[in-house]
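In case you want the letters, here they are:
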Amino acid sequence: MLNHAEKPTPAPRLDDRVAPSLRNTLLAVGSAGVNSRRRRSRGITKGAVTPSRSHSAATARQSTLRMMTRNGTSTPVRHTRAPCNRNTTRARRTTQWRKRRTSRLARLFIDPQPHEFHAYLKWDCSSLKNPLRSYFGLRSLQGEHNFEDHGRLRTSMELGDDTWAVEFGFKGSGIAPRDRPDFQLDEVREYLIYVYPDAYSSWADAKDEARQRAYFRISPRWPDIDTKDGLNPMSNPYDIEGYDVEVEGSYWEFKQYPEVLQRALDTLADRQGFRFNSPTYIHPEDFNPRTIHSSSNIVDGEYYVRVKIGETDVAIAYDGTLHRISLLLSGDRQGYAKTVRDDRECPGYYHTATIDARRAGELIGSHELPKEFKHYYMRNPDAVKGTKLEHPKIGVSFQNSIHDETLYWDDLDKLETELDEALLNVLEWSDIPTRPDDHYFVEDDYFTVTGSRRWRKLLPERLPRIESKQDDQIFATASQMNATDAELVDTLLTDGGTTSPADLADSIGVHLDTVYRALKRLRPLVDHTYGEVQLGSKYIAQELTGYIDQVSESIQRGWENALDGLTRAESFGDEKDPWSRWLDRYGGTITATEGADPDELEVGFQPESIEDARELLRQGARRWAEVTGNPLRQFGFEFAPVVTCVDGTCYAPKRFADALGTPS
């Protein structure tokens, strides 16, 4: 026999607890299995994995169990119905009517498909006499199967209308054995359960084909748990005595994973007793979805829709929805925002915009979870051409890695609502319908073009304009251009479209290495990928057209500008120049910043109103332009001014250059 913890006394089998006349009835209500005569009633039904089905089946079973044996005969326990309360009935009908009316008033939205999911679910069984009984049951099942000769134990189960393979395995855990007399295991293992379509020969094949699947890693927990080396203490802040289960999967509704786990354990329990006459049983009821511990947490979850090729251009354009989402609060030097644009396989192959919780709240009021917005194709787009999988997905996922707090299992409804709302708003801002529409959406094996009525917030598009960010890039880069840079940009503006570095070198008459150095300096304005060079956007081209002549002229007059500078210095002599006098008079303090960001200009003087503050800055800009000889408008790109009025109002314009005129 196995050397493990003391075996709990097996619960009476169905045959022992119920009269023979009810045996078949109970087995029909319970889960059918090859070893059902040895199974105990575990409170689990086989069928569709939905709470309503499980609840109704469990209710039916409880009703049947009330017919207990009396002297060898089954006597039904009669229940008298409570007298009907007319007021209660009326209130119930009113509530039902209100729900139906609310449903009719809610808008019809496309239903997204759940994709990736990852969580850690915990069960505290400390109220049981043997809290780890199911862990020892899994250890018992391990001893009944020859893993060395046959690999993982494989069986199958019915779930809804489909047959699913259930694989059982184990791995080392690094957990030190529990220091208790009744814990007689020399090695603590973690037990692995894989659920995937029965048509596939292995979990790996199902994963490679991106099929619906679920993975569970069951690890025991107890107070004062420790690792073998004692260097990396195990986390068990609530002193749970039970189980910590890592959950990963794809294409299931998020709420289904605990039910899939319980059903898989029920199926594995059917395989016990083939080699051992008295195994230690697995108790699937220890993993009841309704008793998940409050410390259980979620680390990943995604919703997606599949959209026809050619209908997502607004989402993936340089000045499109995803890129502009990444620029939320771009002026704030705190928090996290990131954009990825990978077009190596095809246009829009993998584009993402990742934002932290603060930006998520700025994007959609009341949202608190950091998110990643995605547009992506299959890994090898050419391999699926001509099929429904050639069309891209647009998705939204939770980003745990930049979340400062914990997303608990009890917050699952919040997660689903935020992902749903975020995805619907991205569709709305990208000129894609938010209702089911076969012209825009494409069904795959899991996503269907169906909708449901629900309350969701659709907001007017209020993403930051890309032009604001590009203005800064244009002035920061253009002001540092040399003659080669200016000729290169002028050539791109004249020719339009894309060209190569070699063609640019021939066109402007310089060495190829000189072109590469220029492209590196011009990186914010010029895209250079895989031998092709082009301006970053139509807006950049438009704005550069207004400035490149001035830049070229300025470069050609370099010596003249230097002489002008000397002349200005001689004009003012030893006295302070007008700009310095303005700073002294109004308490102006300049704080230099790194990179191309404008220097911070804080004005100590407090004007009466915002209009007075605006005029004060215009006056300062004129003094600065008088001294430097630069265009007045460039003051707005050299400085980020801040003025506080007498009433405490802060005037800190983000685009003060607009108040100083437009390029001539």
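Residues numbered from 1 in each chain as written. Predicted model: local features only at pLDDT ≥ 70, side-chain atom pairs only at ≥ 80, totals over all residues. Heavy atoms only, no water.

## Comments concerning the overall build of the protein chain
Next, step 1: Helix and strand counts for the protein chain come out as 21 helices and 21 strands.
Next, step 2: Here the protein chain holds 664 residues, and the buried ones make up 45% of them.
Next, step 3: Of the contacts made within the protein chain by residues no fewer than 6 positions apart, 71% connect residues no fewer than 24 positions apart. (Helix = DSSP H or I, 4+ residues; strand = E, 2+ residues; numbered from the N terminus. Buried < 20%, exposed > 50% of the residue type's maximum accessible area, 1.4 Å probe, protein only. Contact = heavy atoms within 4.5 Å.)

## Quick notes on helix 16 (residues 512-521)
Next, step 1: Taken residue by residue, helix 16 has Thr514, Val515, Ala518 and Leu519 as its buried positions. For helix 16, the buried positions fall inside an angular range of 140° around the axis, keeping them on one side. (Arc of directions from axis to C-beta.)

## Some points on the pattern of salt bridges
Next, step 1: Here the structure, examined in full by the defined rule, presents 34 salt bridges.
Next, step 2: A salt bridge links Lys371 to Glu418, with the shortest nitrogen-to-oxygen separation between them at 2.7 Å. Placement of Lys371 in strand 13 (residues 371-376) and of Glu418 in helix 12 (residues 412-429) is noted, with a sequence separation of 47 residues between them.
Next, step 3: In this structure Glu418 comes out as buried when scored by relative accessible area, which is 3%. (Salt bridge = Lys/Arg side-chain N within 4 Å of Asp/Glu carboxyl O.)

## Quick word on the nonpolar core
Next, step 1: Judged by nonpolar contacts, the single largest core of 85 residues is most densely connected at Ile193 and Val195.
Next, step 2: Examining the composition of this core, we find that 9 residues originate from one element, helix 12, more than from any other.
Next, step 3: For Ile193, the contacting residues outside a window of four places in its chain are Val166, Glu167, Phe168, Ala214, Tyr215, Phe216, Ile218, Leu261, Ala264, Leu265 and Leu268.
Next, step 4: Among the nonpolar cores identified, the runner-up in size contains 22 residues, and Met481, Leu519, Leu525 and Leu535 belong to it. (Core = buried A, V, L, I, M, F, W, Y, C linked by side-chain atoms within 4.5 Å.)

## Examining unusual backbone geometry
Next, step 1: Look at Tyr251: it is not a glycine, yet its phi comes out positive at around 75°.
Next, step 2: For Tyr251, the position within the fold is in the loop between strand 9 (242-250) and helix 8 (257-270).
Next, step 3: Although it is not a glycine, Ser366 adopts a positive phi angle of roughly 80°.
Next, step 4: Within the secondary structure, Ser366 is located in the loop between helix 11 (357-363) and strand 13.

## Quick notes on a negative patch on the surface
Next, step 1: On the surface, Asp224, Asp226, Asp229 and Asp239 cluster together into a negatively charged patch.
Next, step 2: Tracing the sequence through the fold places Asp226 in the loop between strand 8 (213-221) and strand 9.
Next, step 3: Given the relative accessible area of 32%, Asp226 is considered partly exposed. (Patch = residues over 30% accessible without salt bridge, like charges linked within 9 Å, V, L, I, M, F, W, Y side chains within 5 Å. Areas by Shrake-Rupley, 256 points an atom, 1.4 Å probe, with all protein chains shown as cover. Lys, Arg positive; Asp, Glu negative; His and termini not counted. Charge placed at Lys NZ, Arg CZ, Asp CG, Glu CD.)

## Some words on the packing of aromatic side chains
Next, step 1: One pass over the structure, following the stated rule, counts 28 aromatic pairs.
Next, step 2: Residues Phe441 and Phe447 carry aromatic rings whose centres are separated by 6.3 Å and whose planes lie at 65° to one another, so their mutual orientation is edge-to-face. Assigned by exposure class, Phe441 and Phe447 land together as buried.
Next, step 3: By way of ring pairs, the aromatic residues Tyr135, Phe136, Phe147, Phe168, Phe170, Phe183, Tyr191 and Trp222 are connected into one cluster. (Phe/Tyr/Trp six-rings, centres within 6.5 Å; stacked < 30°, edge-to-face > 60°.)

## Looking at the sheet that holds strand 5 (residues 153-159)
Next, step 1: Read from one edge to the other, the open sheet built from 11 strands follows the order 5-6-7-8-9-4-10-14-13-12-11, with strand pairing classed as antiparallel. The outermost strands of the open sheet, each flanked by one partner alone, are strand 5 and strand 11 (337-342). Put simply, the sheet's adjacent strands are angled 15° from each other on average, direction ignored.
Next, step 2: Both strand 5 and strand 6 (residues 162-172) contribute to a ladder of 7 bridges, which runs antiparallel. Within strand 6, the position partnered with Leu159 by the bridge is Asp162.
Next, step 3: Sheet strands touched by helix 5 (residues 133-144): strand 5, strand 6, strand 7 (189-197), strand 8 and strand 9. Its angle to strand 7, the strand with the most contacts, is close to 75°. (Pairing = 2+ DSSP bridges. Axes fitted to C-alpha atoms, helices over the stretch in contact; angles between N-to-C directions.)

## A short note on the packing of helix 14 (residues 483-495) against helix 16
Next, step 1: Where helix 14 contacts helix 16, the axes come no closer than 10 Å and their chain directions differ by 85°. Considering the angle they form, helix 14 stands roughly perpendicular to helix 16. Residues Thr484, Asp485 and Leu488 of helix 14 form the contact with helix 16, whose participating residues are Thr514, Val515, Ala518, Leu519 and Arg521. (Parallel < 35°, antiparallel > 145°, perpendicular 65-115°, else oblique.)

## A short note on the side chain of Asp286
Next, step 1: Within the element layout of this structure, Asp286 appears in the loop between helix 8 and strand 10 (297-306).
Next, step 2: Classification of Asp286 by relative accessible area gives buried; the value is 5%.

## As for helix 5
Next, step 1: Helix length check: helix 5 (12 residues) gives 17 Å between terminal C-alpha atoms against 16 Å at 1.5 Å per residue, within 8%.
Next, step 2: For helix 5, the tally of buried residues reaches 11 of 12 residues, placing the bulk of the element in the interior.
Next, step 3: When helix 5 is considered as a whole, its buried residues turn out to be Arg133, Ser134, Tyr135, Phe136, Gly137, Leu138, Arg139, Ser140, Leu141, Gln142 and Glu144. (Expected span 1.5 Å × (residues − 1).)

## A few points about the confidence of the model for the protein chain
Next, step 1: Summarising the model, the protein chain shows a mean pLDDT of 80, and 74% of its residues fall at 70 or more.
Next, step 2: The low-confidence segment residues 50-83, where pLDDT is below 50, has 37 contacts with residues more than four positions distant or belonging to other chains. (pLDDT = per-residue confidence, 0-100.)

## Considerations on the sheet that holds strand 20 (residues 639-644)
Next, step 1: Judged by pairing direction, the sheet is mixed, and its 4 strands sit side by side in the order 18-19-20-21 without closing on themselves. Strands with a single pairing partner mark the edges of an open sheet, and in this sheet they are strand 18 (588-591) and strand 21 (650-651).
Next, step 2: As judged from the 2 bridges shared by strand 20 and strand 21, these two strands associate in the antiparallel manner. Counted as the bridge partner of Thr644 is Cys650 from strand 21.

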